Amino acid sequence: MQSFGENIWTIDGDDVRMFKLLPFTTRMTVVRLQSGAVWILSPVQPSPERQRAVDRLGPVEHLVAPNKIHSLGIKPWKALYPSARVWTSPAFSQRHPDIAVDAALSNDVETPWSGEIDHCVIAGHAVLDEVAFLHRPSGTLILTDLIQKHEAAGAPLVWRGVKQLVGVLGREGGVPRDIRLSIRDRAAMRRSIDTILSWDFDNLIIAHGHCVKGGAREDVGRAFNWITSV
Ligand SMILES: [Fe+2]
């Protein structure tokens, strides 16, 4: 487990293959709420070791799918903790009608963790339906696919080239070019990004690649410069 401050950790999962070919790393974020309940974002495949690590923190009460692609661990963790509530991005159920959802997140939805974790649905995109989160006590911004910084080491040459083209390779990384090119309503997306940038954060957790502990504001500002500077 990697700590990002008091009561917030990441746990890396096994790699998955996108389109049965392209290797993608997986990572979940675990927060212990003030109530003692455990909140898991983008759960990876459970393993006995991962389950033990989570069990040490408290009862699992919330499983969150931050976008419609990150569905991997929702069902298996729900099977392990049947009383946990499942929260998802707005379009999640359209893609996963087989997964029972307690509530889809919108900017108006009241959550049991409000005051500790803020959320913002990224609006204006044709495909991506990501929800961004701010863990206030640790000042941590949690994104999933919106910013990616894939490790170059160990990746096959072709895959490294693809990541370079898409603008997500290395510690700088950024917002994938395919996401930038498929915006439906730029003004709406800009408002969402402005909301994120108005949050008080210093750390950045992302699902794919290098996270930032301390000083993340500059890094995130640079990643969104393509939309905030025009
Ligand atoms: Fe992803």
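Higher on the page you've got the structure.
A brief report on the enclosed structure follows. (Residues numbered from 1 in each chain as written. Predicted model: local features only at pLDDT ≥ 70, side-chain atom pairs only at ≥ 80, totals over all residues. Heavy atoms only, no water.)

### Considering the overall build of the protein
Within the protein one finds eight helices and 13 strands. For 230 residues, the compact-globule estimate of 2.2 N^0.38 gives 17 Å, and the C-alpha radius of gyration of the protein, at 17 Å, lies within 12% of that figure. Counting over 230 residues, the protein shows a buried share of 52%. Within the protein, counting contacts between residues at least 6 apart in sequence, those at least 24 apart form 55% of the total. Of the roughly 10800 Å² of accessible surface on the protein, 51% is carried by carbon and sulfur atoms. Positive and negative charge centroids in the protein, built from 26 and 25 side chains respectively, lie 6 Å apart. (Helix = DSSP H or I, 4+ residues; strand = E, 2+ residues; numbered from the N terminus. Rg over C-alpha atoms; globule rule 2.2 N^0.38 Å. Buried < 20%, exposed > 50% of the residue type's maximum accessible area, 1.4 Å probe, protein only. Contact = heavy atoms within 4.5 Å. Areas by Shrake-Rupley, 256 points an atom, 1.4 Å probe, with all protein chains shown as cover. Lys, Arg positive; Asp, Glu negative; His and termini not counted. Charge placed at Lys NZ, Arg CZ, Asp CG, Glu CD.)

### Things to note about the nonpolar core
Within the largest apolar cluster, 45 residues are counted, with the highest numbers of intra-cluster contacts made by Trp39, Phe133, Leu143, Leu146, Met189 and Phe224. At the level of secondary structure, the elements contributing two or more residues to this core comprise strand S6 (38-41), strand S10 (117-121), strand S11 (131-135), strand S12 (140-142), helix H6 (186-198), strand S13 (203-205), helix H7 (216-223) and helix H8 (225-228). The element contributing the most residues to this core is S11, with four residues. In this view, Leu143 contacts Glu130, Ala132, Ile196, Leu204, Ile205, Ile206, Ala207 and Phe224; residues no more than four positions away in its chain are not counted. (Core = buried A, V, L, I, M, F, W, Y, C linked by side-chain atoms within 4.5 Å.)

### A word on the coordination of the iron ion
Here the iron ion is held by the protein donor atoms His70 (NE2), Asp145 (OD) and His208 (NE2), which lie 2.0 to 2.1 Å from it. As a motif over one chain, the donors of the iron ion read H-x74-D-x62-H. Of this pair, Asp145 sits in the loop between S12 and helix H4 (157-166) while His208 sits in the loop between S13 and H7; the two residues are 63 residues apart in sequence, bridging distant segments of the chain. Summarising the burial analysis for this pair, Asp145 and His208 share the class buried. (Donors = N, O, S within 2.8 Å, 3.2 Å for Na, K, Ca; no water.)

### Some remarks on unusual backbone geometry
Positive phi is not limited to glycine here, since Asn7 has a value of about 70°. With respect to the secondary-structure elements, Asn7 resides in the loop between strand S1 (2-3) and strand S2 (8-12). Residue classification places Asn7 among the partly exposed positions, given a relative accessible area of 21%. In this structure, Ser42 is a non-glycine residue whose phi angle is positive, near 55°. With respect to the helices and strands, the residue Ser42 is situated in the loop between S6 and helix H1 (48-55). The exposure class assigned to Ser42 is buried, which follows from its relative accessible area of 6%.

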